[in-house]
Amino acid sequence: MTALEPRDADVAPAALRTEGTGPEGVLGRTYRALSVGIVSVVFLIAFEATAVGTAMPVAARELHGIPLYAFAFSAYFTTSLFAMVLSGQWADRRGPLAPLATGISAFGAGLLLSGTAGTMWMFVAGRAVQGLGGGLVIVALYVVISRAYPERLRPSIMAAFAASWVIPSVVGPLAAGSVTEHLGWRWVFVGIPVLVVFPLALALPAIRRMASGPADPAAPVEPYDRRRIVLALGISVGAGLLQYAGQERNWFSLLPAAAGAALLVPAVRGLLPPGTGRAARGLPSVVLLRGVAAGSFIAAESFVPLMLVTQRGLSPTMAGLSLAAGGGTWALGSYVQSRPRLEPHREPLMVGGMLLVAAAVAAAPAVLIDAVPVWTVAVAWAFGCFGMGMVIASTSVTLLKLSAPGEAGANSAALQISDGLSNVLLLAAGGAAFAALGGGAVGAAHEATAQGASGSHPGAFAVVFLPMAAVALAGAWVATRVRTHEVVPM
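What counts and how
The numbering scheme is per chain: residues are counted from 1 as the chain's sequence reads. With the structure being a predicted model, the display of local features is reserved for residues of pLDDT at least 70 and the display and counting of side-chain atom pairs for 80 or more, all residues being used for whole-chain, interface and lining totals. No hydrogens and no water enter the side-chain calculation; it runs on all heavy atoms of the structure. pLDDT is defined as a per-residue confidence score from the predictor, taking values between 0 and 100. Comment: elements are numbered from the N terminus, with helices defined as DSSP H or I runs of at least four residues and strands as E runs of at least two. Any two residues having at least one pair of non-hydrogen atoms within 4.5 Å are treated as being in contact. The rule is short: rings of Phe, Tyr and Trp, with Trp giving its six-membered ring, pair when the centres are within 6.5 Å, and they are stacked under 30 degrees, edge-to-face over 60, tilted in between. Think of it in three bands: with a 1.4 Å probe and only protein chains considered, a residue is buried below 20% of the maximum accessible area for its type, exposed above 50%, and partly exposed in between. In this description, a nonpolar core means a group of buried Ala, Val, Leu, Ile, Met, Phe, Trp, Tyr and Cys residues linked to one another through side-chain atoms lying within 4.5 Å. Two kinds of site are reported from a 1 Å grid over the protein atoms alone, namely cavities, where a 1.4 Å probe fits but cannot get out, and pockets, open sets with protein on both sides within 12 Å along at least five of seven lines, and residues are called lining when an atom falls within 4 Å of a point. Grid points are joined across faces, edges and corners, and a volume is the space filled by probe spheres set on the points. In this classification, the charged set is Asp, Glu, Lys and Arg, the nonpolar set is Ala, Val, Leu, Ile, Met, Phe, Trp, Tyr, Cys and Pro, and all remaining amino acids, among them Gly, are polar. Residues qualify for a patch when their relative accessible area is over 30% and they have no salt bridge, like charges being joined within 9 Å and the nonpolar side chains of Val, Leu, Ile, Met, Phe, Trp and Tyr within 5 Å. All accessible areas in this document rest on Shrake-Rupley with a 1.4 Å probe, and a residue is counted as covered only by the protein chains that are shown. What counts as a salt bridge is simple: a side-chain nitrogen of Lys or Arg found within 4 Å of a carboxyl oxygen of Asp or Glu. The axes used here are C-alpha line fits, helices contributing only the stretch in contact, and every angle between their N-to-C directions lies in the interval 0 to 180 degrees. Comment on the angle field: the value is read as roughly parallel under 35 degrees, roughly antiparallel over 145, roughly perpendicular from 65 to 115, and oblique elsewhere. If you view the pair so one helix is near and one far, a crossing is left-handed when the near helix is turned anticlockwise from the far one by less than a right angle, and right-handed when it is turned clockwise.

Residues with a pLDDT of 70 or more make up 80% of the protein, whose mean pLDDT is 77. The element-level mean pLDDT for the protein is lowest in helix α1 (residues 13-17), coming to 36, with helix α17 (residues 346-363) highest at 94. With pLDDT under 50 throughout, residues 1-23 is counted as low confidence; its partners more than four residues away or in other chains account for 70 contacts. A low-confidence stretch, residues 443-456 (pLDDT under 50), is modelled with 13 contacts involving residues beyond four sequence positions or located in other chains.

Below is the structure:
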């Protein structure tokens, strides 16, 4: 998932009931076109994220690519890691208009490439192009907000971003499932780029008028930080090599695995706070917790629709709807942690949230037992999303609290890198384990079951969910180390 989801929205309740309705609010004459345009972009990203998850099992099966199922998700996160760093420097030096327009174009091109793919590797390539676009868009939109909106209106536009995920969480799986069943999965991908025209027509002229160009046109343009760009490229290439090695599972795969590790380790050390790997108390643990929470949950969530379609015979629509309630409970968890009276208890909230995540991920594979009702997954995932809403928003709040003014940007970037990198690595690990325990035969087993034969590979799914539950449980311990006694002046 991306940084614009409700899982990143730590919006105070006051922001939901103030601003945005008066003549100079976010929907006033000055900001209306810009607000509607950028919120529409986020809405489409949210709809795409929920819709693709619903269509993915059918796409992977028809392209004979179920062994590469995890790659279809992790390829997006891999390329977005590089694009986030590039977009930040591009927007700071030249303004957010160019990276935003380029990102949306790449996002649409990736969807078209995946939707017209004839092989699973071409499908994965489309997801990688889409990730480049998504990474550019995420950072550019935050730069737009910082430049175009006064400080008093920023909570309102962030609240609108969070709210724009609730409807797609419910409607996205239903719409994508219906399209997949009646028209085919390809239409889920090729249809979305057409919808981008409307938000672009609204947002780009407003951005050009209100937020284009350097922040200080009179100041000399600083050169790009090539070291950070090279490190970001190292993370992306290294993560990709590790994913490839995990999928191949032969002696020759040790070479790309070694090369990936050689690129990844120094890049991570250079871009994340010192002590992150050993969960040093304070800021390093906050950054680590973000990665542990996001990676374990997203890696498990990616396999839920596939498990329900292939093992319990659900339609893509019903499998997607099993995750629909999560959007609302995620937003609720984010709201709960923002209550002022709970501020002194933020650490216990994060610990409790990670325990909920671990329990939800561990409970999901129970539906591999025929006697367990399939709605068990929906209930478990609603509780897990509630926990994630508390944890993800709290990591953002805590990170800013522990950051000196001149370090907030770099620390926020580290938080996003931890989020994206953990998604890539844990998805790759889960995908490799899934393939090793018979995941490649899941599609064939599903077809055999549909024809009256028997065939099931529950172990291939259990080996994904149970380790991710253990990772989430370790995250509960990391959450106990986010508190620091140091006071950082703001």
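Don't stop here, the text continues.
Among the structural elements, Leu426 can be located in helix α19 (residues 408-436). Counting along the chain gives 135 residues from Leu426 to Gly291, while the straight-line C-alpha distance between them is 9.8 Å. Here Leu426 is in contact with Gly295, Ser296, Ala299, Met468 and Val471, once residues within four sequence places are set aside.

Let us look at the packing of aromatic side chains. By the definition in use, this model includes 7 aromatic pairs. Between Phe123 and Trp185 the ring centres are 5.8 Å apart and the planes differ by 70 degrees, which places this aromatic pair in the edge-to-face class. Of the two residues, Phe123 sits in helix α5 (residues 120-148) while Trp185 sits in the loop between α7 (166-182) and α8 (186-190), which places them 62 residues apart along the sequence. Of the two residues examined, Phe123 and Trp185, each falls in the buried class. Seen from their ring centres, Trp185 and Phe189 are 5.8 Å apart, and the 85 degrees between their planes marks the pair as edge-to-face. Each member of the pair, Trp185 together with Phe189, is buried. Through a chain of ring-to-ring contacts, the aromatic side chains of Phe123, Trp185 and Phe189 assemble into a single cluster.

Let us now look at the nonpolar core. Considering soluble globular proteins, one finds that nonpolar side chains tend to be buried as a cluster. Judged by nonpolar contacts, the single largest core of 126 residues is most densely connected at Phe123, Trp381 and Phe465. Dropping the residues within four chain positions of it, Phe465 is found in contact with Ala300, Phe303, Val304, Met307, Val361, Ala364 and Pro365.

Attention now moves to the layout of surface pockets. Looking at the second largest pocket, its volume works out to about 430 Å³. Considering the residues around the second largest pocket, the lining is formed by 16 residues, among which Val268, Leu272, Thr276, Gly277 and Leu288 are closest to the centre. Counting residues per element, the ones that place at least two in the lining of the second largest pocket are α12 (254-271), α13 (283-301) and α19. Class assignment of the residues belonging to the lining of the second largest pocket gives a composition of 9 nonpolar, 6 polar and 1 charged.

Next up on the list: a nonpolar patch on the surface. Among the surface-exposed residues, Leu27, Val36 and Phe198 lie close enough to one another that they form a single nonpolar patch of about 270 Å² accessible area. Tracing the sequence through the fold places Phe198 in helix α10 (residues 197-210).

Let's shift gears to the packing of α13 against α17. Each pair of packed helices gets described by two things: the angle between the helix axes and the distance between those axes. One way to put it is that α13 packs onto α17 with a least axis distance of 10 Å and a crossing angle of 20 degrees. As the angle between them shows, α13 and α17 are arranged roughly parallel. The chirality of how α13 crosses α17 is left-handed. Residues Leu289, Val292, Ala293, Phe297 and Ala300 of α13 form the contact with α17, whose participating residues are Met350, Met354, Val357 and Val361. Partitioned by chemical class, the residues of the contact of α13 with α17 number 9 nonpolar, no polar and no charged.

A positive phi angle, close to 55 degrees, is found at His64, a residue other than glycine. Position of His64 among the secondary structure elements: in the loop between α2 (32-62) and α3 (69-94). Positive phi is not limited to glycine here, since Ala279 has a value of about 55 degrees. Residue placement: Ala279 occurs in the loop between α12 and α13.

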